[in-house]
Amino acid sequence: MSNIITGKNIVKIFGKGNEQAKALNKVNVEIAKGEFVAVMGPSGSGKSTLLFALSGMDEITSGMVKFGDTELSKLGENALADVRRTKMGFVFQQPTMLRNLNLLDNIILPSAQKGKKDTAKLAQKAKELMNKAGIAGLENRDTTEVSGGQLQRAGICRALMNEPEILFADEPTGALNSKSAEEIMELLVDINKEGTAILLVTHDTKVAAMADRVLFTKDGNIASELTLQKFNGRDRKARCETVLAGMAAVGI
Amino acid sequence: MYLKIIRNDIRKSRLITTTITAFILVAAMLTALAASLTVNLFGAIDNMLLSAKSVHFMQMHTGDVDMEQLQSFAQTNDSVKEYQVLEFLNIEGADIVIGDDSLAGSIQDNGLCVQSKKFDFLLNLNGEVIQPADGEIYVPLYYMQEGNAALGDTVTIHGVSFTVAGFLRDSVMNAALVSSKRFLVSQGDFERVREHGQLEYLIEFRLAEDVSFPAFEAAYLAAELPANGPPAITYTQVKMINGITDGIMIAVLMLVSLLVIIVAFLCIRFTLLAKIEEDYKEIGVLKAVGIRVSQMKKLYLAKYGAISGVACGLGFLTSLPLQRPFLQNIRLYMGESGSALPGLLWGLLGAILICGIILLYVNGVLGRFRKISAAQAVRYGAPQEKSKSSKIFRLSNNRLFSRNIFLGIKDVLSRKKLYVTMLMVLIISSFLMIVPQNISSTIADDSFITYMGMGICDVNIGVMRSQVEDVAGKAAEVSDVLAEDENVETYVFFTGMMLDRKADDKTIEKFRVTLGDYSVFPITYFKGRAPQTKSEIALSVLNAEDLEKNVGDEIILIVDGAEKHLTVCGIYSDVTNGGRTAQATFSVNSGDVLSVSMAATFRDRQNVGTAISQYRKQFPFAKVTGIDESTQQMLGSIRDAIQMASIVAVLSSALLTLLVTVLFIKMLVARDRYPIAILKAMGFSDADIRRQYLTRSITVLAMGVILGTILANTLGELAGMAIVSSFGAATFDFVVNPWLVYLVSPLLIAGCVVIATMLGISGIQTLKILDHIKEA
């Protein structure tokens, strides 16, 4: 299966002079089309930095990141923005919504290119996604009028509007209670089943256990990785134990 | 601790702190300057009037003066402390030759006089009473300023030569606005020239304290004392006329200062609002843990206290060296004001006042702290501004705009309070840009003189009784020439008469009326219209005010021995004949003819000047004035000054727009780091985001320019009216140059806003998604 993301020798250094910190140290990663990859590691091990580097949201100090056959660092600012908008989706730990738009408008925002495009169609599509995400009926609510879980689902709907090839999720359940977190994860698994690759950063073993593959980061490197069977809704406990064992093996 | 926090805060926002400091500094400087100049002006006027022992009441008179009648009036009237009759030898401008040039073109009534013995002294530039030696002449300061005369020049009057020994301050006739000017010579020289001029008398009084000047004027006229000349001048008028030129300058300084303060307020407002929004969560947390609002306010107040304290101090210091050039004119015309201390003190007080106003304003804006709900602030971290219009305007319903334009407009709609600041600046800028231009084009327009009581003609030939014995005969002589001159296209007569008026209390008073056909060279009426029938009369504004008459009221005149009832048909502004005039069309067979003036237009438009000088030679007894000359002399300097002011206003408003918009957008971008990061993460390019900001600016710009233009042409016309009425026109309509007002000015402001927005959003490119997305 061909790769959707290929990262080679990725180095990311923060700061200058004596205050330099190497967040990623010659990391190599490959993510196949339709794959669900989770990244785990202690705080400061470079997992979020890796996600932002692979998505082209952050410049890397050296190395190379390819989206399909396209090398991201060679793209201009506009082309990179186009790739992000049309081929990638993003879900952050905190729901990132524009405060002055309601939920529906926030969701259709990335796909509403020009006014001439039929916004009714977009709104219809957004409503279908909201329905699927369990937030039907909240279309006209302001971002302050819904719960954190509902907002996060809206964020996922927004990320899916342009039918991305890959979804980047940075601790999408981090700020949610366990019930909401469970629901969000089920939604992500469903999305993945429909063919969207997912790269997800998490601290939660239960979340990581739903992925096809888990990368363990430590001190700016991928210390080890664990490949699981495709998640089918069963054997949760066993999968969690496998992930925990993997963590123990690298000492995290 | 305060000092440390203030220092850190200022370091973080250098640009905005510098700008606010600069605005406060300029406002404090202008206020200190205006306060100090006002004190100095009044001090100097009082000093001059004191040194000159100025008159309390003065009537100019042509003809004999019955000294006994005057003496008995003075003795029986308790108000009179002193009185005197001075001689004023009216000399034709053409006969006064200074160096190689004569004063033929001067619209002033020039005359010689000798130093007074009792009061109304003419002073030299050191404020001392001048005693000229034979052969010496002291020239009014006005001519030094106009560049007509210099020290040591030779002045020749009918072959008698004088040397300019100095310039004089005349407490009564100093100002350019006063149409008579006194030259001072020795008694001996006066006698040598006496036969060449027309003698007029200045009947002058010094009155007891607390005497009402209008009451004294009424008593003077009631006693039928000589009054064949322009209306009497009182002490109040003398004071006002001396103060008016510099007074207008001070008023302009104060006006500019007010605008600068408003702009400073706007800058402070949006800085504070932005800061409050930035610190929203922290303020909520502080409130939640029980910190008092007053304690939080103290921090901000301390910062602005420090900024405005420093700015006002520097403003006051800057005003000190600036006082010199501004005081120059006051010093020249009126001399020193005595001690410099009161001026300095008032200046300092002015600067302190600005500091106080700024702190009060900051305190007012900080009142918002009370409205912040701790729970809301901690939960959402930003104020929630709800608006219906914003809710209706939805992306999902949008068929019209691209998403960038949509987001730009949406932001303006949902954060109206914030954008109001920028809107206000744009309204002020458009207003400032347009109003002075309108005033300038109005004054520069040919029709402007019609607002000042003058019709549009080429030449005005005046035959006055103060200069000619046989007014009617000489006027007929002129009339014959005009009738036969083929170059004359149209001409019309105006006869100035002194008639009796029956007042409402049945007493008889003297009343000047000018009779003629007012349809030929029409003027513009403040109210009503020109007299058309023989039973109508139009009054000048001053006359209407004095007589308390309005359009439709009745005036009774005694014409040819019989009462004539006239209806007031119009009221107009007038700068001629002391502003107290009346117009009518009826004819009179007998009566006191004061003057006959003839207004004419020429067919040969190219050689109007030649025709005028030819008439000047032909009618040495008459006052021949080209209308261009008189408007130039009357309005020339004002026109130039206003034009200059309008250019300065255009440039400063452009600069203001540029500066404030850059600051505003920079602050907006700083505040919007988080939403910008979201947009970038979602795949919006920098160009997309730039378009959104440009849309915001252009939306506010369009509203600002439209509102500003509307206000400039409504409210601005009223403000302009107030300014222009001080030059003598009580009413006028703006003459608008549509290209400038509706195209060039809006384009200039738009250009500034677009440039400023581009500069303001230049930081977007370097904004890293990662640095800000985690802030949420």
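None of the values given here were measured: they were computed from a predicted structure. (Residues numbered from 1 in each chain as written. Chains lettered and ligands numbered in written order. Predicted model: local features only at pLDDT ≥ 70, side-chain atom pairs only at ≥ 80, totals over all residues.)

Turning our eyes to something else, we now look at the overall build of chain B. When helices and strands are counted, chain B shows 23 helices and 22 strands. By the burial criterion, 43% of the 776 residues in chain B qualify as buried. For chain B, contacts bridging at least 24 residues in sequence account for 84% of all contacts bridging at least 6. (Helix = DSSP H or I, 4+ residues; strand = E, 2+ residues; numbered from the N terminus. Buried ≥ 20, exposed ≤ 12 C-beta atoms within 10 Å, placed from the backbone. Contact = placed C-beta atoms within 7 Å.)

Summing up its helical and strand segments, chain A has eight helices and ten strands in all. Here chain A holds 252 residues, and 50% of them are scored as buried.

Before going further, it helps to examine the environment of A702 of chain B. All names here are of chain B. Along the chain, the position of A702 falls in helix α21 (residues 686-725). Under the C-beta neighbour-count criterion, A702 is labelled partly exposed, with 14 such atoms within 10 Å. Sequence spacing of A702 and A750 is 48 residues, and the spatial spacing of their C-alpha atoms is 8.4 Å.

A few words now on the pairing of strand β9 (residues 160-170) of chain B. On a regular strand, each side chain points to the face opposite its neighbour's, so the side chains alternate between the two faces of the sheet. All names here are of chain B. By the bridge criterion, two bridges tie strand β6 (residues 122-123) to β9 in an arrangement that is antiparallel. Counted as the bridge partner of L123 is R169 from β9. Two strands pair when backbone bridges link them, and strand β8 (residues 154-157) and β9 are joined in this way by four bridges, in the antiparallel orientation. If you follow T156 over to β9, its bridge partner there is S161. Between β8 and β9, which follow one another and run antiparallel, lie two residues, and H158 among them has a positive phi close to 45°. (Pairing = 2+ DSSP bridges.)

The next thing to look at is the interface of chain A and chain B. Opposite the 30 residues of chain A that make contact, chain B presents 29 residues. Counting residues per element, the ones that place at least two in the side of chain A that touches chain B are α2 (77-87), α3 (103-108) and α4 (119-132) of chain A.

This next bit is on the pairing of strand β6 (residues 88-91) of chain A. Residues and elements named next belong to chain A. Along β6, one buried face is formed by M88 and F90 and the opposite face, lined by G89 and V91, is buried too. Both β6 and strand β7 (residues 166-170) contribute to a ladder of four bridges, which runs parallel. Across the sheet, residue G89 finds its bridge partner in β7, namely L167.

Locating I409 of chain B in the fold gives a position in helix α14 (residues 403-414). Residues I409 of chain B and F393 of chain B, spaced 16 residues apart in sequence, show a C-alpha to C-alpha distance of 9.1 Å.

Residue and element names in this part refer to chain B. In this structure, I24, A28 and A264 are the most contacted members of the largest nonpolar core, which totals 263 residues. If you tally residues by element for this core, the top one is helix α2 (residues 14-51), at 20 residues. Judged by nonpolar contacts, the second largest core, of 23 residues, contains V459, I461, V488 and Y615. (Core = buried A, V, L, I, M, F, W, Y, C linked by C-beta atoms within 7 Å.)

Let's shift gears to the packing of helix α15 (residues 416-444) of chain B against helix α22 (residues 738-760) of chain B. The angle between the axes and the distance between the axes are what describe a pair of packed helices. Residues and elements named next belong to chain B. One can describe the packing of α15 onto α22 by two numbers: an axis separation of 10 Å at closest approach and a directional angle of 140°. Between α15 and α22, the angle falls in the class oblique. Read as a crossing pair, α15 and α22 show a hand that is right-handed. Residues L426, S429, S430, M433, I434, Q437 and N438 of α15 pack against L740, V741, S745 and I749 of α22. Partitioning the contact of α15 with α22 into residue classes produces six nonpolar, five polar and no charged. (Axes fitted to C-alpha atoms, helices over the stretch in contact; angles between N-to-C directions. Parallel < 35°, antiparallel > 145°, perpendicular 65-115°, else oblique. Left-handed = near helix turned anticlockwise from the far one by under 90°. Nonpolar A, V, L, I, M, F, W, Y, C, P; charged D, E, K, R; others polar.)

Looking now at the sheet that holds strand β9 (residues 213-218) of chain A. Residue and element names in this part refer to chain A. In spatial order, the strands read β6-β7-β8-β3-β9-β10; together these six strands make up an open sheet with mixed pairing. Every other strand in the sheet has two partners, leaving β6 and β10 (221-227) as the edge strands with one partner each. On average, each strand axis in the sheet is tilted by 15° relative to the strand beside it, whichever way the strands run. Strand direction decides the pairing type here: strand β3 (residues 36-40) and β9, joined by four bridges, are parallel. The residue of β9 that forms the bridge with M40 is F216.

This paragraph deals with the sheet that holds strand β5 (residues 70-71) of chain A. Residue and element names in this part refer to chain A. Taken together, four strands build an open sheet; the order of strands is β2-β1-β4-β5 and the sheet is antiparallel. Whereas interior strands pair on both sides, the edge strands pair on one side only; in this sheet they are β2 (21-32) and β5. Alignment of strand β4 (residues 62-67) against β5, held across two bridges, turns out to be antiparallel. Bridged to F67 within β5 is T70.

Moving on, we come to unusual backbone geometry. Non-glycine residue K26 of chain A carries a positive phi angle of around 50°. As for its placement among the helices and strands, K26 of chain A is situated in strand β2. Within the chain, D560 of chain B stands out as a residue other than glycine whose phi angle is a positive 50°. Its location among the elements puts D560 of chain B in the loop between β18 (554-559) and β19 (562-572). D560 of chain B sits in the exposed class, given 11 other C-beta atoms within 10 Å.

Glancing now at the UniProt feature "transmembrane region" (unreviewed entry) in chain B. Residues and elements named next belong to chain B. UniProt annotation of "transmembrane region" (unreviewed entry) refers to residues 248-272, 301-320, 340-362, 418-435, 641-665, 700-727 and 739-764 when read in the numbering used here. For residues 641-665, helix accounts for 100% and strand for 0%, while the C-alpha atoms at its two ends are 35 Å apart. As a span, residues 739-764 carries 85% helix and 0% strand, and end to end its C-alpha atoms are 37 Å apart. (UniProt positions renumbered as here; feature names shortened; annotations may be inferred.)

Here we take up the environment of F265 of chain B. Residues and elements named next belong to chain B. Looking at the secondary structure, you find F265 in helix α7 (residues 235-278). What makes F265 buried here is the crowd of 22 C-beta atoms within 10 Å. Separated by 93 residues in sequence, F265 and I358 place their C-alpha atoms 7.4 Å apart.

Residues and elements named next belong to chain B. Contact pair α2 / helix α10 (residues 341-365): the axes reach a minimum separation of 7 Å and the direction vectors enclose 145°. Crossing of α2 against α10: the hand is right-handed. Contacts from I24, A27, A28, T31, A32, A34, A35, S36, V39, N40 and G43 of α2 reach α10 at P342, G343, L344, W346, G347, L348, L349, G350, A351, L353, I354 and I358.

This part takes up the confidence of the model for chain A. Averaged over all residues, the pLDDT of chain A is 87; the fraction at 70 or higher stands at 98%. At the level of individual helices and strands, chain A shows its lowest average pLDDT in α2 of chain A, which scores 84, and its highest in β3 of chain A, which scores 95. (pLDDT = per-residue confidence, 0-100.)

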